[in-house]
Amino acid sequence: SERGNYIVSSALGALANLAVHPENQTAIREGGGLKKAVDLVSGTQGPEKTKERAANCIENLSLDRENREQIRILGGSAHLVRMLLSANDDWVRAAAGAIKNLSVDEESKADIAKQEGVRALVDLLLHQDMVIVGKSAECLGNFANEAEYRQKIRELGGIDKLLSLLDAGTPDEARLAAAGAILNMAVDDACKVTIKDSRGIDKLVMLLNASLPLTLRAVASMALTNLAAEEECAAAIAEAGGVNALIQSMGKPTDDVLQEKASSALWNLSVVDSVKATIRKAGGIPFLLSVFEFSTFVPAIENSLGTLLSLAETQENRFAIAQAGAVNLLIKLLESEHPSVLEKAAGVMWNLSHEESVQHSVRKLGGLKSVIALLSSDSPLIRFNAVGSLPLLTEQMDNVHECVELGVISPLVDLLASETNVLALQNVAQTLGNIAEGHEQFQQSIAELQGLKRLVDVMLTWSDKLREQRLEAADNPLSAGSGDANTQELLAKCCYAVWLICQKHEANQLIFAEADGLAALVSLLPSEGDETLLELAAGATCALCEANAPNKERFREENGLEPLIHLLEHENDAVKLNAAKALCHLAENEDNRRIIRELGGLERLVQLLSH
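Since the model is a prediction, treat every value here as computed from it, not as a measurement. (Residues numbered from 1 in each chain as written. Predicted model: local features only at pLDDT ≥ 70, side-chain atom pairs only at ≥ 80, totals over all residues. Heavy atoms only, no water.)

Asker: So what's going on with the packing of helix α3 (residues 33–42) against helix α6 (residues 76–84)? Residues and values would help.
Answerer: Where α3 contacts α6, the two axes come as close as 9 Å, and the packing angle between them is 40 degrees. Here α3 and α6 pass one another in a crossing that is left-handed. Seen from α3, the contacting residues are V38, V41 and S42; seen from α6, they are G76, H79, L80 and M83. Residue classes in the contact of α3 with α6 are distributed as 4 nonpolar, 3 polar and no charged. (Axes fitted to C-alpha atoms, helices over the stretch in contact; angles between N-to-C directions. Helix = DSSP H or I, 4+ residues; strand = E, 2+ residues; numbered from the N terminus. Left-handed = near helix turned anticlockwise from the far one by under 90°. Contact = heavy atoms within 4.5 Å. Nonpolar A, V, L, I, M, F, W, Y, C, P; charged D, E, K, R; others polar.)

So, in structure tokens, the structure goes:
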């Protein structure tokens, strides 16, 4: 009856409103209401309003995961797709809303796609009703989270239709939905190309206009973030004025989310070498630094740090960043309670520390203490970035003295025992060498804190790893990579540290030898090693044997003379020089002189006279 139909429609309307609450979503399902709503959607009889209200009810009920599963099992997806294809705008609008919520699950997506729902949604992007258009775009945004459906949407011409909705004149809600769908489509490389070729980048950049809603600008920034991951798209964004528009989005009118998304896009853009200078010239650096001063929103701070980390790879940018007052702000961030901020702030500090002016600024502004404190962090990435800056910071003598006063030696020595990252260990060894150079007191402090023994342990451990890497490369040449080179560089920097810690310091020379250091050193002398490693290993030998009779004896006993003599024929002059200097000290021992002669050392030394 008419009254009965009115009662059903009214009940569906009430249930739709009640279903907004999670507890009611479960209660309606358990009370049989969900099944009845699906049955009403599938019905071919009854008033049009009943079917619309049933779809509205399903839209809210499908906010619950278990309800979505039940709707799919009951065949609700197929019935909703049929409603999409109807000529009744109210049905289409209601069905699109329900499909929007259903399509967050893979199983429901597959069910809807099986019923040609994706094609129907793409076609609806041309509908006259902009509410329907907006909901269809939202649905496609959900489908675009899956690679399979991104390809289908692209093949159906969905990208061009979505891009057309970004134009002025489209209601903001539909514009936002279309931008969100483009954002998800832009994850795919083929879609990136289509968006770029269809002038979609220009349209997205226009959405950054300060007169538009902040949410729309944020979604446009996110889409540009995804596009900027591809170099040609990044260049196109820059050409379209995107760099300047994103920078302006960092300032008023803005909010935390827009700053986060705009700085994320700038971070991706800054990876491209040609865009690094563009960001600087467009005045981006002060805007990025202003986030550190005035925002407490961690994601925005992280992304701004990430952008600066990338920008600081070039000298011009490093100067500009430092001159804009970054060092003081970064030092404050090194006290942050957020590990992600600490990690990136330490990384930016590392890059900036390539400049001598920054090395001095860090000391003058009290930053050395903060950097040293991070050496004891539980986070490997924080430790990695902190120790990375120290070889650069300790290039300055004033910094070395302050670092020692702040107790840097102890955590560095601890890292030699606990750290497993080969690059971090390289920086630890180099820093210890820098500290020791020309300072007897610092040489002694390193030895007293077991620094030499720890260096020997590292040399022995990583010498074994180097042999394993070489055996693996011999068996499988395709496996040879950066591991061997990084290991050799670590061993070279250990030799550098030993050289400077033991140079003209008899007690340290003996401590190193008694810790089996000479055996470790001799194992590095065979001539197939890296040139830098051989140069520094021979230099360390020279420093250990200078004016030290016991070490001259022990070096011979470790069979070090023969490989050292072979280095006299090495093609690298620095290797030959250090080998000759080491033999000069070793030849002060009578037994060594005899063996050097027997091994052909005299002839090789004579040949060097005509070098």
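Moving on from the coordinates now.
Asker: So what about the environment of E343? Which residues, and what values?
Answerer: In this structure, E343 sits in helix α25 (residues 339–352). Separated by 78 residues in sequence, E343 and N421 have C-alpha atoms that sit 16 Å apart. If sequence neighbours within four positions are ignored, E343 has contacts with L381, I382 and N385.

Asker: Which residues make up helix α7 (residues 89–102), and what are the values?
Answerer: The first and last C-alpha atoms of α7 sit 20 Å apart over 14 residues, in line with the 20 Å expected at 1.5 Å per residue. Within α7, 11 of the 14 residues are buried, which leaves it mostly tucked inside the rest of the structure. Of all the residues in α7, the buried ones are W91, V92, A94, A95, A96, G97, A98, I99, K100, N101 and L102. In this structure, the buried side of α7 is in contact with α4 (48–61), α5 (65–73), α6, α8 (106–114), α9 (117–124) and α10 (130–143). The opening residue of α7, the one whose side-chain oxygen lies 2.9 Å from the backbone nitrogen of D90, is N88. (Expected span 1.5 Å × (residues − 1). Buried < 20%, exposed > 50% of the residue type's maximum accessible area, 1.4 Å probe, protein only. Polar contact = N/O pair within 3.5 Å; in protein donor to acceptor, adjacent residues only side chain to side chain.)

Asker: Describe the pattern of salt bridges, and please don't skip the residues or the numbers.
Answerer: Applying the stated criterion across every chain yields a total of 36 salt bridges. Residues R93 and D129 are paired through a salt bridge, measuring 2.3 Å at the closest nitrogen-oxygen approach. Highlighted residues: R93 in helix α7 and D129 in the loop between α9 and α10, separated in sequence by 36 residues. Given a relative accessible area of 22%, R93 falls into the partly exposed group. (Salt bridge = Lys/Arg side-chain N within 4 Å of Asp/Glu carboxyl O.)

Asker: Quick one: what's the story with the environment of P213, residue by residue and with numbers?
Answerer: By the secondary structure assignment, P213 is in the loop between α15 (200–206) and α16 (214–227). Given a relative accessible area of 32%, P213 falls into the partly exposed group. Taking C-alpha positions, P213 is 9.7 Å from P253, a pair spaced 40 residues apart along the chain.

Asker: Break down the nonpolar core for me, with residues and values.
Answerer: L80, M459 and L564 are the most contacted members of the largest nonpolar core, which totals 199 residues. Per-element accounting of this core gives the leading share, 11 residues, to helix α34 (residues 482–502). Contact partners of L564, with chain neighbours within four places excluded, come to L525, A538, T541, F555, A579, A582, L583 and L586. (Core = buried A, V, L, I, M, F, W, Y, C linked by side-chain atoms within 4.5 Å.)

Asker: Would you mind going over unusual backbone geometry in detail, with residue names and values included?
Answerer: In this structure, the amide linkage connecting K252 to the following residue, P253, adopts the cis form with an omega of -5 degrees. Tracing the chain through its elements places P253 in the loop between α18 (242–249) and α19 (256–270). Positioned with a positive phi, E116 is a non-glycine residue whose angle comes to about 65 degrees. For E116, the position within the fold is in the loop between α8 and α9. By relative accessible area, which is 38% here, E116 ends up partly exposed. In this structure, Q450 is a non-glycine residue whose phi angle is positive, near 70 degrees. Examined against the element boundaries, Q450 turns out to sit in the loop between α32 (440–448) and α33 (451–475).

Asker: A description of the packing of aromatic side chains should follow, citing residues and the corresponding values.
Answerer: A complete count under the given rule lists 2 aromatic pairs for this structure. Summarising the aromatic geometry, the rings of F143 and Y149 are spaced 5.2 Å apart at their centres and angled 85 degrees between planes, so their arrangement reads as edge-to-face. For the ring pair W350 and F384, a centre distance of 5.5 Å and an interplane angle of 65 degrees mean the geometry is edge-to-face. Here the residue W350 occupies a position in helix α25, and F384 occupies one in helix α28 (residues 380–393), the gap between them amounting to 34 residues. Stacked on the ring of W91, the Lys or Arg K51 has its end atom at 4.5 Å from the ring centre. A cation sits over an aromatic face here: K465 above W462, 3.9 Å from the ring centre. (Phe/Tyr/Trp six-rings, centres within 6.5 Å; stacked < 30°, edge-to-face > 60°. Lys NZ or Arg CZ within 6 Å of the ring centre and 35° of its normal.)

Asker: Which residues make up helix α13 (residues 172–185), and what values go with them?
Answerer: In an α-helix there are 3.6 residues to a turn, and that puts residues three or four apart on one side. The end-to-end C-alpha separation of α13 is 20 Å, in line with the 20 Å expected for 14 residues at 1.5 Å each. Most of α13 sits inside the fold, with 11 of its 14 residues counted as buried. Along α13, the positions that sit buried rather than exposed are A174, R175, A177, A178, A179, G180, A181, I182, L183, N184 and M185. Next to the buried residues of α13 lie α10, α11 (147–155), α12 (158–164), α14 (189–197), α15 and α16.

Asker: Go over the side chain of Q25, please, and point to the residues and values.
Answerer: As for its position among the elements, Q25 is in helix α2 (residues 22–30). Note on Q25: relative accessible area 4%, which makes it buried. The residues touching Q25, leaving out its near neighbours within four places in the chain, are A19, V20, N60, L61, L63, D64 and N67.

Asker: Any chance you could break down the side chain of H505 for me, citing the residues and the numbers?
Answerer: Its place among the elements puts H505 in the loop between α34 and α35 (506–514). H505 gets classed as buried once you look at its relative accessible area, which sits at 8%.

Asker: Can you lay out the packing of helix α37 (residues 531–545) against helix α40 (residues 573–586) for me, pointing to particular residues and giving the numbers?
Answerer: Contact geometry of α37 with α40 gives a least axis separation of 8 Å together with a crossing angle of 20 degrees. Put simply, α37 runs roughly parallel to α40. Remark: the crossing between α37 and α40 carries left-handed chirality. On α40, the residues touching E531, L534, E535, A538, G539, T541, C542 and C545 of α37 are A574, V575, N578, A579, K581, A582, H585 and L586. Residue composition of the contact of α37 with α40, grouped by class: 9 nonpolar, 4 polar and 3 charged. (Parallel < 35°, antiparallel > 145°, perpendicular 65-115°, else oblique.)

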